[in-house]
Each structure stands twice: as C-alpha cells, then as structure tokens.
Amino acid sequence: MKTPFTKVSRLSQLLVSSGFRLTVTIGLLGFGLYDLPISWAKGRVVKHALKSPEQGREAAGYYEGLIGNADPGAGALEQCLVGQPTDWVHFADSGVSQLVTHDVVQFILSPNVSRSLFGKDFTTNEYRLRDRPTSLTKPANTVRVALLGASMDMGWGVTTDDTYENRLEDWLNQQARARGDNRHFEILNFAVAAYSPTQRLATYRRRVRKFKPDFVIYATTLLDSRLTEIHLADSLSNGVDLSEFDYLTSVVEEAGYDPAHLKRDARGKWVDKPKFKAWLEPKRAEINRIVLAELAKSCQEDGVPLASVIIPRAGRNDLQHLRQEGVELQIAAARASGVTTWDLTDSFDAEDPSKLSVAVWDDHPNTRGHELIFQDLARHLIADPLGRSFGLSGQESAPSSQPTSGPNE
Amino acid sequence: MIETSIHPRQSDSATGSQGRSRHNPAPHQQYQPVVERESAIGWYKGMDQGRPETALKNPVALLSAWAYLAFLTVVAHVYRLEGRAFEIVLWTILGALPIYELVPFKLKKPTLSLAAIVAMTWIYGRETAISVLLFGAGAVGLARTGRLVWQIRAGVLAAGAIGLAVAKSFDGLWMVPPTFWPVAGTMLMFRLMLYMYELKHAKGKESLTDAVSYFLILPNWCFLHFPVMDYRTFQRGFYAKDIVVTRRRGLQMMFVGMTHLLCYRLVYHELLIRPQDVKGLATLGVYLACNYLLYLRVSGQFHIACGILHLFGHHLPDTHNKYLLAHSFTDYWRRINIYWKDFMVKTVFNPVFFRLRKRPQPVALAGATVAVFVATWALHAWQSFWLRGHWGLSLTDALFWGILGSMVLVNVQVDARRKPSAKMANRGLISQIRYLASICGMVLAITLLWSLWSSPSVADWAGMIHRGLSGW
C-alpha cells in the first residue's frame, strides 16, 4: 500500500543521491555568486540573509548563547572563531574618544588623533572633528556646511579623505573651479559614532553654532531609534540632567518607567534590557521627530537652511523592501517640521550589499559604500533647489558611478 | 626489512672488460647477490602492515571526494559560513587529505592528530595551542598512568576539574589566555569522563595513538560545542567500512550540515520574531516554530563535524535522526542529539539501572531515567561553564529538564508495558493518522518547552503565551 511514509522514504533516497547533492551545491554556489537584478527584491533579501553572519539579532536560548558567544568578554574567542582582526575594537574602546558622562552628549572625539584603526587612518583635527584641519573663524569667500550624524557619517572604517562628506567637499570645490566661482566650500564633520538624534541636537546647540555654518545637513539612519534607546538608558544610568531636553524628561516622567530596568549584573550584562526596550519602543519615533523639529527651530533662529539625509547601512534592514516603513516614517517626520529630506537609502540597491560593508561582522559602508553615498547625495544636490546654496546651477553632470575602489577594499 | 638483489660490482664498471684479472673478473663473475640496507619502500611497507581491506587506495575516488570537498569549501567561503575557524579547518582538510591518503596505515592517526594541532595553532595562536596541549597531555597522562589505581586517578582528575572551576570562577587564574578555557574545555570536559570509563572497563591497555587521536579531533576547533564522541565508538569506527563508502557518507553529512546552517540563517534573519512581538495565535506559532528551528545550527554543526571525521576513515553513527518527526518523548530523546543520549545511557542509565536491578522493573527504570535527566541538567551547566564562562543555571532551565525528564519518565513506563508495534508501512490508515497526530502533538509540546527554556523568566514566558492566546 502506498502511504505518505513510502513517499517520504523515496524522497529521502533522492536527497542522499550524489547527483542531487552536486546539483544543489552548484545551484547554491551560483546563487551566492550571481548578482541578482534589483527588481528581484525578495531574492536579494533571501540571498543577503544566507550570506549574513549570525549576529545582531536578539535570539535567546541555551544553544544560541553557547555557540553565538554573545556574552561580554567573549571577544578574544570571537576573534579566533569568526575572524575579527585583533585590532578590531568597539568605538568606545578604540581610544579616539573621551567620556563626559555628566553631560548629555556622554562622549566626544579626542582632538588631534592620528592613528590606524583596522588598517585605515583615523584622524581628528584640533576641534575634535573627524575631518581635515579647519579654523573656528570662517575664512572669507567660504561657504561652510555642518554635518551632524553618527558613525556612518563620521566614517567608521574608512580614511578621512574617503568619507562621503570629504568626497562631496572635493567635488563641490572642483565644480566651483570649473565654473570660475572663487568661493571655497567647506563641509565640517560633526558626526560622532553612536550619537543619537538628541546628542546631535546638543552638538548643534553647543558647538556647531560657533563655526557659523551657512548650511546644516542632518544625517539619519534607520538605526536612530536604537541609538535613542541606548542614549537614554546611558543618560539615566549616569544621572545626566536632561532638563534642557524636555521631551526626554516628559517621557521619563510618564507612567511605566522603572529605574530597576537599568540594573546590570556582576558581569556587566544589562539584565532587564528587553523590559526597558519594550517600555521605550512606542516612544522612540516620537522622540526622534521632536529632535528634528527642535533642530529645525534652532536653525531657523540662526537663519541657516537645514536639510536631512537618510543614509543607508550595508546591512539587512536597509534592503529595498525591508526599509520602506522606516524610511517613510522619517520622511513624514521631516515633512512635519518643514525640513527637506534627501533619501539616499537606494544608493546600494544596484550592488551586492555584502560587498559594501567594512567587514563581515560590521555593516558600516566601506570606501565603495561612501563613494556611492556621495554620488547619490551629489545627484540630489544638483536636482534640488537647495543645491543653489552650494553654487550648483542644476545643469551639472552627476559624478561618475564607476567604482574607484575594489569591493571590501 | 632486509632485501637482497643483484648489483653490479662498483669497480667493474670503471675498468671495463678488456683485461681479465682479479679486478676484472669474467662476465659470469661480475654479478653477485649483495645484502642491501633497509630501503624507504621497505620502511613504508613495514609501517603499512595491517592495512585493512577497507583502506585500500583508490586515487579516483579520493580525487572525486577531494574535488567535491573543494566545492563545499568554496560554498562555505561564498556564504561566509561559520567564519574564520571553519574555513581554516576546511583548508587544513583539503591540504591534509591527500597526504593522509599517502601515508602508511600506522601513521594515519598521528597524521590526523598533527593536522589537528596545526589547525588549533592556526586558529587560536601558539600561546593557547601550547597551553592546551600541555594541559591536555597532563590530564590524559594522569588518566593513563599505571602507577595509581583507577579510583585515585578518577578522584584526582575530578578534584582537579572542580578546583579549576572554582579558581576560574573567582578569577584566580587571570594569567591563563582567555581562549584556553573553552578550547581545553571542549576537548576534555566530556571526553575525559568517557575515556576514564573505558579505562575502567577495558581488558587490555589502550594505545597512546588512540588516546591522542581521540582528544585531538580536527573539527572540534571550529565547533567548540561538539558531539560527545564515545571513545570506543570512535576507535572501532576507524576504517570499519570501505573508505570510499565512508567518505561518501561523510560528504553527504557535510552537505546536509551546510544546508542546515543555511536554513538556520533564513530562520534567524528572516523568520524569527521577538517574544515581545507575539500578539495572537499566528505570531505565537511563528515564534514557537522559529525559536525551535534555531536548533538547526546545532544539528548543522554536528553533521559537518562528523562528516569531516568520515573523510579520514572514521565511520560514525548519525548525530540526529529526523528529530522533527519524533512521535513520543522517548522517541524524541532517541532522535535528537544521539551522541548525548548514548553518553547518558552508557555512563548514567545503565549503571543506575544495574544497581537497581533487584527492585521491580518500573522502579529501576524510573530511578535510571531520573538520574539521566538530573545528570543532563547538571552537565549542560558544566558545558556552559567551560564554553561560556558561567553556569547559566536558571529556573526556566531547571523547569525545561524537569518537565522533559518527567515526560520521558512516563513514556518509558508506558513503552515498557507496550507490545512492539508494526512497521509504519504495514499500519492501517487510521493508525497512520494517529501516528501523524502524535508527531504534531510532539512538535507542539517540544516547541512550547523550548520557548520556556529560551525565556529569561517564567513570568516572561507566561506573559508571551498569554499574549499569544488572548490576541494582544
């Protein structure tokens, strides 16, 4: 009698045949190597998932802990097993920043840093900017642009000259020379790794204003909600006075916040992290919306135009159909504050995202990634009326999309 | 080996054959047997003595296995499977396999052990490799020494392990490289127990080569969470079947393991939701299923680890047997992590059952089953301590093993009273439907238990189940 079990038995016989095995192996290899067209969104998502290492998710369980080594202090073992180079460190441990735990910004870049991080030069100037040397006083004939952002914009894992910010600066000056414009364009990079929207707002109020910018670019990513969560938890743990940012104090004063959710165990592990996250989750987007509104207000008071850009990461959540909701939310928040937004999240769509990250375990964009972000940003500047602030007429040709660096350099 | 052959005299070739003197003998005197020194071929043949028929050389089969292995290595590289250590192990195998095939039979195990040392040094660095090797040599040396009776050796090793655990817990051994603990732990934490068990029950002396090859297992360095390899099974499985068949089975296991790892990634990145996102029956079902399917990584790694050993002639049992199709708790226990089940049967169940054999059978079965689950719970904490650095004991952990153990306990009693059932293909349709229903019931029960095991607390788990059932 033929039963479902005899069918299962035949299927298992097929699965063990060497011909089937070889065919599937060849298929897997082809799927892994072939660049799928952009229109195959779901296929690209599946491929990215198959090629992404196991990290970044909050999967729990005995075996996840045993194999994943997600514990603090497992760094040395992780380096041996997964393959992080020995000089790969977290930003906080890299020796390029200083803690100011009493202040809302929590940490700042150290001045005049010049060292190699992961084989790339990491430099800061005397004003603690991850940028070329500058002066506090704006030189004559200079159009000054301030960039606020986090690690992507700071250029984590790329050299100072390779950041999209400095590429844009060079291109703007090249365009100016070509059209006989004697103005100099200077973009000052105020971005600091892991800076949340509130830290960026504080940076504008305390530092950017002193440099008298003519334009402000506020860079965001889909990770901003996470950064808001980390920043608020750290600020509350460190007893920071948040009264300057009443939207944060009002959130904390709301029912449901329990300081016990911030406690850590003897190994430094944040025990009730899921509870804190669950409490803050419905409020994160609203906090980020208010930050942008506050920044727009401050810029308006200073008479400085403001635009926001949404920068892509080279990771799973920024893939085409997964990012849509988050991007729409950010565009709506910017629109509500009357801020022009340039959505650059499609910058990586034409290429394999796994070739655009600085490392397997780190989805910050590499040199090629920064190149693509710069090209997309330049295209938006050419097309947008706000580009006139940069001396652009709208007739310029967009920068070439030919790669000037290899994949994963 | 001494060989004789016909050799021309050295002086004859120099002088030619013109004058026939004492130095220039007649042609019939020019050749004579000479005694030759031991040749390399002779040495090889000597070392190759005892080569079983299952280990006959087959260059074509080796080449085809090697080519497919190279293919799998490229797939692992393209998909960045399991990272650096796995890739190093694969490259080591690709390099070592042809050499392993060429060396005489008696040198095969030492060659594989040497490859394991090379891979360990490559992955963890000299400092860790040397310290692990010295520590392991000390522990295995103590286990093997004939100067002390077995009970004293076992007592000293147990006291040493507990002492190390205490010292490590209080950071008393800060000078030891951080990677030493998990690497030494994975090598010794269970295998030393099984080795001591075999030393107690063995009739003859166990060879040092077998001991070294048992503790230095090449794929162990990339998969620290490793199947609990039984010493006797490992030893007896060496070229137990024809090498061509064994290698084919190994490659099949590696292929299956890689597909498990890729499926795991799909579940991990695309399908798994957070427990806090459970709102309603559908999301509860998705969470329960995906959280359980995370085990694919364990089964994938175990398949690959055993597959690699097959390439070197070790014919080993399956690590898992279609565990998603278990139809009862005892069946589940038999199908998932077979090596653990065998370890427990050998070292806990049988000894306890034997001690209770004079009691009624249900009592003996119950006592042995309870002992197995208490030991399993404690040894999982022991494993967590060496691999992660902390015991990981929690209420949910205790509940998981307690409930699973109780279910198996009941099932064992029922099974002991039941007559053997007919083979599935011979059952009627009703019986098959009932069988399918029991499989579905087991999936539901195990996924629920698994979600409890994964939850930070019972309250969190109860909250998630409540949200799932109540719809918000």
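Basis of the calculations
Each chain carries its own residue numbering, running from 1 in the written order of its sequence. Note on labels: chains are lettered from A, ligands numbered from 1, in written order. Note on the predicted model: pLDDT of at least 70 is required for a residue's local features to be given, and 80 or more for side-chain atom pairs to be given and counted; whole-chain, interface and lining totals, by contrast, use all residues. Numbering of helices and strands runs from the N terminus; a helix is a DSSP stretch of H or I covering at least four residues, while a strand is a stretch of E covering at least two. Neighbour density around each residue's C-beta defines its exposure: 20 or more other C-beta atoms within 10 Å make it buried, 12 or fewer make it exposed, and counts between make it partly exposed, where C-beta atoms are placed from the backbone. Here contacts are defined at the residue level, using C-beta atoms placed from the backbone and a cut-off of 7 Å between them. Here the nonpolar group is Ala, Val, Leu, Ile, Met, Phe, Trp, Tyr, Cys and Pro; Asp, Glu, Lys and Arg are the charged ones; every other residue, Gly included, is treated as polar. Any two strands with at least two DSSP bridges between them are considered paired. Under this scheme, a helix contributes an axis fitted over its contacting stretch, all axes are lines through C-alpha atoms, and angles between N-to-C directions fall in the 0 to 180 degree range. By convention here, the domain bounds are inherited from an automatic or database domain assignment. What a helix should span is 1.5 Å times the count of its residues minus one. Put simply, a nonpolar core is a cluster of buried Ala, Val, Leu, Ile, Met, Phe, Trp, Tyr and Cys residues tied together by C-beta atoms within 7 Å. By the definition adopted for this analysis, an angle is roughly parallel if under 35 degrees, roughly antiparallel if over 145, roughly perpendicular if from 65 to 115, and oblique otherwise. Two helices that cross are described as forming a left-handed crossing if the nearer one is turned anticlockwise from the farther one by less than a right angle, and a right-handed crossing if clockwise. One fitted axis covers the seven residues ending at a residue, a second covers the seven starting there, and the bend at that residue is the angle between these axes.

Our focus in this paragraph is the overall build of chain B. Within chain B, the secondary structure is distributed over 20 helices and two strands. Counting over 472 residues, chain B shows a buried share of 35%. Looking at chain B alone, contacts between residues at least 24 apart form 75% of all its contacts between residues at least 6 apart.

Turning next to the interface of chain A and chain B. On the side of chain B, 45 residues touch chain A, which itself brings 41 residues to the contact. Listed by contribution, the elements that provide at least two residues to the side of chain A that touches chain B are helix 1 (4–16), helix 2 (18–33), helix 3 (41–51), helix 4 (62–68), helix 5 (75–82) and helix 11 (273–302) of chain A. For the side of chain A that touches chain B, the element with the highest residue contribution is helix 2 of chain A, accounting for seven residues. By residue class, the composition of the side of chain A that touches chain B is 23 nonpolar, ten polar and eight charged.

Residue and element names in this part refer to chain B. For R80, which is not a glycine, the phi torsion comes out positive at approximately 50°. Even without being glycine, K322 reaches a positive phi, approximately 45°. Overall, K322 belongs to the exposed group, with 11 C-beta atoms counted inside 10 Å.

Here the focus is the sheet that holds strand 6 (residues 184–189) of chain A. The strands making up a sheet associate through backbone hydrogen bonding, with each pair oriented either parallel or antiparallel. Residues and elements named next belong to chain A. The strand order 6-5-7-8-9 describes an open sheet built from five strands, whose pairing is parallel. Strand pairing shows two members of the sheet lacking a second neighbour, strand 6 and strand 9 (340–343), which therefore form its edges. The average angle at which neighbouring strand axes cross in this sheet is 25°, direction not considered. Two elements, strand 5 (residues 142–148) and strand 7 (residues 215–220), share four bridges in a ladder whose sense is parallel. Directly across from A146, in strand 7, lies its bridge partner V216. Along the sheet, helix 12 (residues 320–336) makes contact with strand 7, strand 8 (306–310) and strand 9, crossing strand 9 at roughly 160°.

A few words on the domain arrangement of chain A. Structurally, chain A comprises domain 1 (62–93) and domain 2 (95–245 + 284–390). When each unit is reduced to the centre of its C-alpha atoms, the spacing between domain 1 of chain A and domain 2 of chain A is 28 Å.

Residue and element names in this part refer to chain A. Across the five residues of strand 8, five count as buried, placing the element largely inside the fold. Side chains L306, S308 and I310 project from strand 8 onto one buried face, and the interleaved A307 and V309 project onto a second face that is buried too. By the bridge criterion, five bridges tie strand 7 to strand 8 in an arrangement that is parallel. Note on strand 8: the bridge partner recorded for T220 is I310.

The next point concerns helix 18 (residues 395–417) of chain B. Count 3.6 residues to each turn of an α-helix, and residues three or four apart come out pointing the same way. End to end, helix 18 of chain B covers 33 Å across 23 residues, agreeing with the expected 33 Å (1.5 Å per residue, within 8%). In this fold, the buried residues of helix 18 of chain B make contact with helix 15 (329–335), helix 17 (361–388) and helix 19 (429–454) of chain B.

In terms of nonpolar packing, the biggest core is built from 115 residues, with A85(B), V89(B), A119(B), L218(B) and M258(B) touching the most fellow members. With eleven residues, the single largest contributor to this core is helix 12 (residues 243–271) of chain B. Apart from residues no more than four positions distant in its own chain, L218(B) is found in contact with V89(B), T92(B), L112(B), A115(B), A116(B), A119(B) and I308(B). Counting residues in each nonpolar core, the second largest holds 72 residues, with L147(A), I217(A), L292(A) and V304(A) among its members.

Take the packing of helix 3 of chain A against helix 12 of chain B next. Taken N-terminus to C-terminus, the directions of helix 3 of chain A and helix 12 of chain B make an angle of 115°; their axes are 8 Å apart at the nearest point. When the interaxial angle is binned, helix 3 of chain A and helix 12 of chain B end up roughly perpendicular. The chirality of how helix 3 of chain A crosses helix 12 of chain B is right-handed. Only L262(B), R265(B), L266(B), H269(B) and E270(B) of helix 12 of chain B make contact with helix 3 of chain A, whose side of the interface consists of V46(A), A49(A) and L50(A). Grouping the constituent residues of the contact of helix 3 of chain A with helix 12 of chain B by class yields five nonpolar, one polar and two charged.

Residues and elements named next belong to chain A. A maximum bend of about 50° is found in helix 11 at E281, where proline P282 lies one to four positions downstream. Regarding helix 11, the residues found buried are F276, L280, K283, R284, I287, N288, I290, V291, L292, L295 and C299. If you follow the buried residues of helix 11, they end up packed against helix 8 (197–206), strand 7, helix 9 (224–237), helix 10 (246–253), strand 8 and helix 12. Within two residues after helix 11, G303 carries a phi angle of roughly 70°, on the positive side.

Time to look at the pairing of strand 11 (residues 362–365) of chain A. Residues in a regular strand project their side chains so that they alternate between the two faces of the sheet. Residues and elements named next belong to chain A. Strand direction decides the pairing type here: strand 10 (residues 357–359) and strand 11, joined by two bridges, are antiparallel. Paired with A359 across the bridge in strand 11 is D362. Linking strand 10 to strand 11, which pair antiparallel, is a turn of two residues.

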